[in-house]
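# Observations on the three-dimensional arrangement
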Amino acid sequence: MKISILGAGAWGTALAVQAAARHEVVLWARDASAVAAMRAEGRNRAYLPDTPLPEGLQIEGDLARAVAHACEAAEPGLIVVATPMAGLRAMLAALPDGARVLWLCKGFEAGTGLLGHEIARAVQPRLRVGILSGPSFAQEVAAGQPTALVAASEDEALAQAAVAAFHSERLRVYTSADPVGVEVGGAVKNVMAIAVGAADGLRLRAEREGQLLDAPGLNARAALITRGLAEMLRLGLALGARSETFMGLSGMGDLVLTATGDLSRNRRVGLLLADGLPLAQILRELGHVAEGVYSAPTVLARARAKGVDMPITEAVVAVLEGRLSPADAVDLLMGRQARSEH
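Residues numbered from 1 in each chain as written. Predicted model: local features only at pLDDT ≥ 70, side-chain atom pairs only at ≥ 80, totals over all residues. Heavy atoms only, no water.

### Describing the sheet that holds strand E9 (residues 147-152)
Within the open sheet, the eight strands sit side by side as E5-E2-E1-E6-E7-E8-E9-E10. Their pairing is mixed. If you trace the sheet from one side to the other, it starts and ends with strand E5 (58-60) and strand E10 (171-176), each paired once. On average, each strand axis in the sheet is inclined to that of its neighbour by 25 degrees, with strand direction left out of account. By the bridge criterion, four bridges tie strand E7 (residues 100-103) to strand E8 (residues 128-133) in an arrangement that is parallel. In the strand pairing of E8, tryptophan 103 is matched with isoleucine 131. With respect to the sheet, helix H2 (residues 32-41) is in contact with strand E2 (24-28) and E5, its orientation differing from that of E5 by roughly 160 degrees. (Pairing = 2+ DSSP bridges. Helix = DSSP H or I, 4+ residues; strand = E, 2+ residues; numbered from the N terminus. Axes fitted to C-alpha atoms, helices over the stretch in contact; angles between N-to-C directions. Contact = heavy atoms within 4.5 Å.)

So, in C-alpha cells, the structure goes:
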C-alpha cells in the first residue's frame, strides 16, 4: 500500500517507521530544514532522536507530492494526518475528493468546538474518513514495543485498510464503527490527565514538604480516573456515541495511560501546575503540544451546550485559567453534594 503521513512529529514519525517495513511510505514535514536534517542524519532528532529511520522511508517537504503519492496510484492508498488538532482543517482542505484519510490528533477544534469528523463533514464531505486512536506513546511505538490501537470509521472498508496498513506482530489494530465515541474519548482523556497529574503533583509536593495528612493519594487518583471516565461517557452519549466504546482502547485504555504514564505531556502539565509554575512557563518548557490545555475550555463549552455535568472538567478549566489553585480544585470536588454513582 502507498501511505502518506502528513506531519513529522513524534507520533507521525513513529507510525511511519513501523509501516515502512511493509509499505511504500512518505513522511511529510512542513519545515524544510527538518526535511533536510532527517534525510542527512537518518533520524528525527527533534522528536525521536533515538529511532533510526528505515532506508525505504521517503522524507518529503512538498505537500502536493506527498498527497499525490497516496492518491495517484493504481491501487487506493492511505493518507494519515499527523498534525496537532489545530492543523487538521487545513490538511483536510488540501486533499482531493474521495481520498482515504485517517487522523491521529485528539481533541476539539479551538473556536468551533468541532470534533475531527465534524470538521471533515464541513470541509470535505466527499472524503472517506476515520480516526486512528488508542493508548499509545510514540516512543514505544517507534521502538516496536507492544501496542494496541483502534481504527474508527463509519466506512468499514476504510477501517479495514487501516488494519492492512498498520497491524503487525507488535502493533495490534482493532476496528470500530463509532468514530464519535473514539474521538470524544481521545479528547476528554487529555483533560482528565491534567486533573490526575495535578492531584499526583500535590501528593509529591506534600511528600517533599513532610505534610502528607491532607494531600491527595492513590485513592484520589483512582477516584479521578473513574469519575473522569463517567464524564467522558456522559458527553459521548450526548454527542451520539456508543457506551461500549468508552470501555475500550480509546476510552478507558487511553485515559489510564495518559493519566498515569510518565511520558504523558498532559499529565506533566498537571504535575507542574501543582508545583506552582505558571501555565505559560509550563507550555514553553514542555516543547510539544499538550492538547488537553487547548481542549479543556471547548470540552466544557460543548458539555454545557448539551446540559452535561462535567465537574472535573470545570475544575481543570478553572485551574488553567488561574481562577483556582490545584489544591482548591481538589477541595471543591470533594465538597460536592453526595449523589448516586450512576
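### Structural notes on the UniProt feature "binding site: NAD(+)" (unreviewed entry) in the protein chain
In the numbering adopted here, UniProt assigns the feature "binding site: NAD(+)" (unreviewed entry) to Gly7, Ala8, Gly9, Ala10, Trp11, Gly12, Ala138 and Arg265. Structurally, alanine 8 is set in the loop between strand E1 (2-6) and helix H1 (10-19). Ignoring sequence-local partners within four residues, the contact set of alanine 8 consists of Thr13, Leu27, Trp28, Ala29, Met38, Asn44 and Tyr47. Looking at where tryptophan 11 falls in the secondary structure, it is placed in helix H1. Excluding residues within four positions of it along the chain, tryptophan 11 makes contact with Leu104, Ser136, Ala138, Val141 and Leu149. (UniProt positions renumbered as here; feature names shortened; annotations may be inferred.)

### Here we look at the UniProt feature "domain: Glycerol-3-phosphate dehydrogenase NAD-dependent N-terminal" (unreviewed entry) in the protein chain
Residues given the UniProt feature "domain: Glycerol-3-phosphate dehydrogenase NAD-dependent N-terminal" (unreviewed entry) here are residues 2-158. Within residues 2-158, the helical portion is 32% and the strand portion 25%, while the C-alpha atoms at the span's ends are 14 Å from each other.

### Section: the side chain of serine 136
Inspection of the secondary structure puts serine 136 in the loop between E8 and helix H6 (138-142). Apart from residues lying up to four places away in sequence, serine 136 is in contact with Trp11, Val141, Thr147, Leu149, Asp254 and Leu257.

### A look at the pairing of E9
Of all six residues that make up E9, five are buried, and the element is covered over most of its length. Here three bridges tie E8 to E9, and the two strands are oriented antiparallel to one another. Each bridged residue has a counterpart across the sheet, and for serine 133 the counterpart in E9 is valine 150. In this sheet, E10 lies alongside E9 in parallel orientation, the contact comprising six bridges. (Buried < 20%, exposed > 50% of the residue type's maximum accessible area, 1.4 Å probe, protein only.)

### Regarding the environment of valine 163
Within the element layout of this structure, valine 163 appears in helix H7 (residues 156-166). Every residue in contact with valine 163, bar those within four places of it in the chain, is listed here: Val173 and Thr175.

### Notes on the nonpolar core
One finds Val184, Val188, Leu235, Val269, Met310, Val316 and Leu320 to be the most contacted residues of the largest nonpolar core, which totals 43 residues. Residue assignment for this core shows that the elements contributing at least two residues are helix H8 (179-209), helix H9 (218-238), helix H10 (249-260), helix H11 (265-274), helix H12 (279-286), helix H13 (291-305) and helix H14 (311-320). Per element, the largest residue contribution to this core is 10 residues, and it comes from H8. Non-local contacts of valine 269, meaning those with residues more than four positions away in its chain, are made with Ile194, Leu279, Ile282, Leu286, Ala290 and Val293. (Core = buried A, V, L, I, M, F, W, Y, C linked by side-chain atoms within 4.5 Å.)

### Side note on the domain arrangement of the protein chain
According to the domain assignment, the protein chain contains domain 1 (2-177) and domain 2 (181-335). Put simply, the middle of domain 1 and the middle of domain 2, counted by C-alpha atoms, are 27 Å apart. Tallying the contact residues gives 30 residues for domain 1 and 25 residues for domain 2. Summing both sides of the interface, domain 1 and domain 2 together bury roughly 2,100 Å²; the carbon and sulfur share of this comes to 68%. Together, Lys106, Phe108 and Phe137 form the three largest contributors to the area buried by domain 1 at its contact with domain 2, with a combined 34%. A salt bridge links aspartate 254 to lysine 106, with the shortest nitrogen-to-oxygen separation between them at 2.7 Å. The interface formed by domain 1 and domain 2 holds seven residue pairs in polar contact (both at pLDDT 80 or more) in total. Within the residue set of the side of domain 1 that touches domain 2, elements represented by two or more residues are helix H5 (116-123), E8, E9 and E10. Here the side of domain 1 that touches domain 2 gets four residues from one element, more than from any other, and that element is E9. In terms of residue class, the side of domain 1 that touches domain 2 is made up of 18 nonpolar, nine polar and three charged. (Domains from an automatic or database assignment. Buried area = accessible area lost by both parts, 1.4 Å probe. Salt bridge = Lys/Arg side-chain N within 4 Å of Asp/Glu carboxyl O. Polar contact = N/O pair within 3.5 Å; in protein donor to acceptor, adjacent residues only side chain to side chain. Nonpolar A, V, L, I, M, F, W, Y, C, P; charged D, E, K, R; others polar.)

### Let's talk about a nonpolar patch on the surface
Taken together, the side chains of Met247, Met252 and Val256 make up a nonpolar region of the molecular surface, amounting to roughly 250 Å² of accessible area. Within the secondary structure layout, valine 256 lies in helix H10. On the basis of relative accessible area, valine 256 is assigned to the partly exposed category, the value being 37%. (Patch = residues over 30% accessible without salt bridge, like charges linked within 9 Å, V, L, I, M, F, W, Y side chains within 5 Å. Areas by Shrake-Rupley, 256 points an atom, 1.4 Å probe, with all protein chains shown as cover.)

### Thoughts on the pattern of salt bridges
A side chain with one charge may pair with a side chain of the opposite charge, provided their charged atoms come close. Taken as a whole, this structure holds 18 salt bridges when the rule is applied. Where glutamate 24 meets lysine 2, a salt bridge forms, and the shortest distance between an N and an O atom there is 2.8 Å. Of the two residues, glutamate 24 sits in strand E2 while lysine 2 sits in strand E1, which places them 22 residues apart along the sequence. Residues joined in a network through salt bridges with shared partners are Asp200, Arg203, Glu207, Arg221 and Arg267.

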